[in-house]
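# Observations on the model geometry
Chain by chain, the residues run as shown.
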Amino acid sequence: MSTLRGRVAGLPWWDRCAVMGVVNVTPDSFSDGGRWFDTEAAVKRGLDLADTGADLVDVGGESTRPGASRVDEAEELRRVIPVVRGLADEGVVVSVDTMRASVAERAVAAGAVLVNDVSGGLADPAMVPVVAAARVPFVVMHWRGFSQDMNSRAVYGDVVAEVVSELRARMDAVVAGGIDPERIVVDPGLGFAKEADHDLALVAHLQELRTLGRPLLVAASRKRFLGRVLAAEDGSPPPARERDAATAAVSAIAAREGAWAVRVHEVRATADAVRVARAVEGAQ
Ligand code: PMM
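My aim in this report is to walk through the structure given alongside it, one point at a time. Quantities reported herein were computed from a predicted structural model and do not represent experimental measurements. (Residues numbered from 1 in each chain as written. Predicted model: local features only at pLDDT ≥ 70, side-chain atom pairs only at ≥ 80, totals over all residues. Heavy atoms only, no water.)

Where helix α2 (residues 39-52) contacts helix α3 (residues 73-89), the two axes come as close as 9 Å, and the packing angle between them is 40 degrees. One element, α2, and the other, α3, form an angle in the oblique class. With respect to the hand of their crossing, α2 and α3 are arranged in right-handed fashion. Together, T39, A42, V43, G46 and L47 of α2 and P82, V83, G86 and L87 of α3 make up the contact between the two elements. (Axes fitted to C-alpha atoms, helices over the stretch in contact; angles between N-to-C directions. Helix = DSSP H or I, 4+ residues; strand = E, 2+ residues; numbered from the N terminus. Parallel < 35°, antiparallel > 145°, perpendicular 65-115°, else oblique. Left-handed = near helix turned anticlockwise from the far one by under 90°. Contact = heavy atoms within 4.5 Å.)

Around the ligand sit 16 residues in total, of which D97, N116, D187, K223 and R263 are the nearest. Here D97 contributes a side-chain N or O atom positioned 2.8 Å from a nitrogen atom of the ligand. R263 has a polar side-chain atom sitting 2.8 Å from an oxygen atom of the ligand. Contact with the protein chains covers 97% of the free accessible surface of the ligand, which is 410 Å². (Near = heavy atom within 4 Å. Polar contact = N/O pair within 3.5 Å; in protein donor to acceptor, adjacent residues only side chain to side chain. Areas by Shrake-Rupley, 256 points an atom, 1.4 Å probe, with all protein chains shown as cover.)

A complete count under the given rule lists 17 salt bridges for this structure. E75 is paired through a salt bridge with R79; the nearest N and O atoms lie 2.8 Å apart. One end of the pair, E75, and the other, R79, are both in helix α3, four residues apart, so they sit about a helical turn from each other. A relative accessible area of 9% places R79 in the buried class. Measuring nitrogen to oxygen at the nearest pair gives 2.8 Å for the salt bridge that ties R228 to D197. In this pair, R228 is assigned in helix α8 (residues 224-229) and D197 in helix α7 (residues 196-204), connecting sequence segments 31 residues apart. D197 gets classed as partly exposed once you look at its relative accessible area, which sits at 47%. In this structure, a network of salt bridges that share partners links the residues D58, D97 and R263. (Salt bridge = Lys/Arg side-chain N within 4 Å of Asp/Glu carboxyl O. Buried < 20%, exposed > 50% of the residue type's maximum accessible area, 1.4 Å probe, protein only.)

Attention shifts here to the pairing of strand β6 (residues 184-187). Covered by surrounding structure in β6 are I184 and V186 together with V185 and D187, the residues of both alternating faces. Of the pairings in the sheet, the one linking strand β5 (residues 138-141) to β6 comprises four bridges and is parallel in character. Bridge assignment links V139 to a residue of β6, and that residue is V185. Remark: the β5/helix α6 (residues 159-176)/β6 crossover connection has right-handed handedness. (Pairing = 2+ DSSP bridges. Right-handed = clockwise from strand over helix to strand, strands pointing away.)

Quick look at the side chain of D117 now. Position of D117 relative to the elements: it lies in strand β4 (residues 114-117). Of the side chains bearing the opposite charge, R170 lies closest to the buried D117, which forms no salt bridge; the N-O distance is 7.1 Å. A distance of 2.8 Å separates a polar side-chain atom of D117 from the backbone nitrogen of G121. (Lys, Arg positive; Asp, Glu negative; His and termini not counted.)

Read from one edge to the other, the open sheet built from eight strands follows the order β6-β5-β4-β3-β2-β1-β8-β7, with strand pairing classed as parallel. For this open sheet the edge positions go to β6 and β7 (217-218), each flanked by a neighbour on one side alone. As judged from the five bridges shared by strand β1 (residues 18-24) and strand β2 (residues 56-60), these two strands associate in the parallel manner. Directly across from G21, in β2, lies its bridge partner V57.

Another point: helix α4 (residues 101-109). Among the residues of α4, those classed as buried are A101, V103, A104 and A107. Relative to the axis of α4, the buried residues are bounded by an arc of 160 degrees and lie together on one face. Buried positions along α4 lie against α3, β3 (94-97), β4 and α5 (127-134). Within two residues after α4, G111 carries a phi angle of roughly 120 degrees, on the positive side. (Arc of directions from axis to C-beta.)

All right, on to the packing of α4 against α5 then. Between α4 and α5, the least distance of the axes is 8 Å, while the angle of their chain directions is 15 degrees. The pairing of α4 with α5 is recorded here as roughly parallel in orientation. Helix-helix and strand crossings are classified by hand; for α4 and α5 the assignment is right-handed. Only M127, V130 and A134 of α5 make contact with α4, whose side of the interface consists of A101, A104, E105 and V108. Tallied by class, the residues present in the contact of α4 with α5 amount to six nonpolar, no polar and one charged. (Nonpolar A, V, L, I, M, F, W, Y, C, P; charged D, E, K, R; others polar.)

To continue, consider the pairing of β5. Residues F138 and V140 line one face of β5 and the alternating positions V139 and M141 line the opposite face, and both faces are buried. Here β4 pairs with β5 via three bridges, running parallel. By the bridge assignment, V115 is partnered in β5 with F138. Between β4 and its parallel partner β5, the chain crosses via α5, and the hand of that crossover is right-handed.

Worth remembering: the numbers are spatial, not functional.
Quick look at the structure:
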């Protein structure tokens with residue numbers, strides 16, 4: 001269990017699964033788009049998440065929902081940087097969710113201490129050198145291509161084995177590019193080029209990601225596979241905002257499996273879930 005949790009150089013140590021709260025400064029994210037679209041509202045949201053139990057707050061300015069098209073660089077910078085600065089200035093541990101090296105670099109200068117790139121450095125060739133030079137931790141997520149057409153890439157023989165081997169190849173590439181292996185976090189990328197059954201198989205086999213030897217981040221919050229699990233008899237899924245109890249259930253599972261962190265939109269129930277998992281672990 002310890003390997004999935006592990007220590008990430010450059011970040012605080014938590015003796016349980018950490019909680020990463022999400023602030024999407026976007027008009028169109030699938031679950032909270034438009035709600036925190038101005039700087040002040042977004043900073044307030046991040047502070048509220050920290051007050052409710054988020055150990056880190058992940059700030060993003062580009063929606064990655066299936067089918068989404070890309071936001072331009074200037075707009076992404078405009079959305080993200082003041083929010084990162086506002087939260088970091090208040091003492092929040094901030095991560096930046098971006099596929100752009102320029103955004104990562106400016107966010108780190110504004111106080112972000114972790115770069116969360118859903119493409120694992122594939123979208124922007126400048127990302128790995130920038131993160132290596134900044135000496136900040138880096139999330140390497142399993143990714144097969146941009147959101148616009150990622151659903152067509154959800155083709156697997158053995159999803160768990162393929163995600164593990166593709167993540168290993170990405171880890172090797174980013175280490176070859178100069179990123180300190182002790183600063184890497186891995187993430188199976190639930191919902192990215194994956195159908196609901198793929199996501200469920202990955203959650204069922206989190207232990208297999210241990211072979212990568214790095215701390216694990218699990219981001220199930222409100223995703224489509226939970227919509228399918230919770231669907232009514234006619235197959236219609238509940239809206240994203242009604243998936244938080246299901247999200248907390250995955251948080252409990254992930255924490256129990258030894259995940260380093262879970263990334264969620266609503267923090268309170270997950271903060272409780274990871275504490276219960278910790279207490280159960282301590283009682284063994
Ligand atoms: N999913 C989303 C965005 N960022 N980052 C990581 N590391 N892992 C994920 O699975 C992930 C992510 C999807 O969008 P959302 O912010 O609306 O959940």
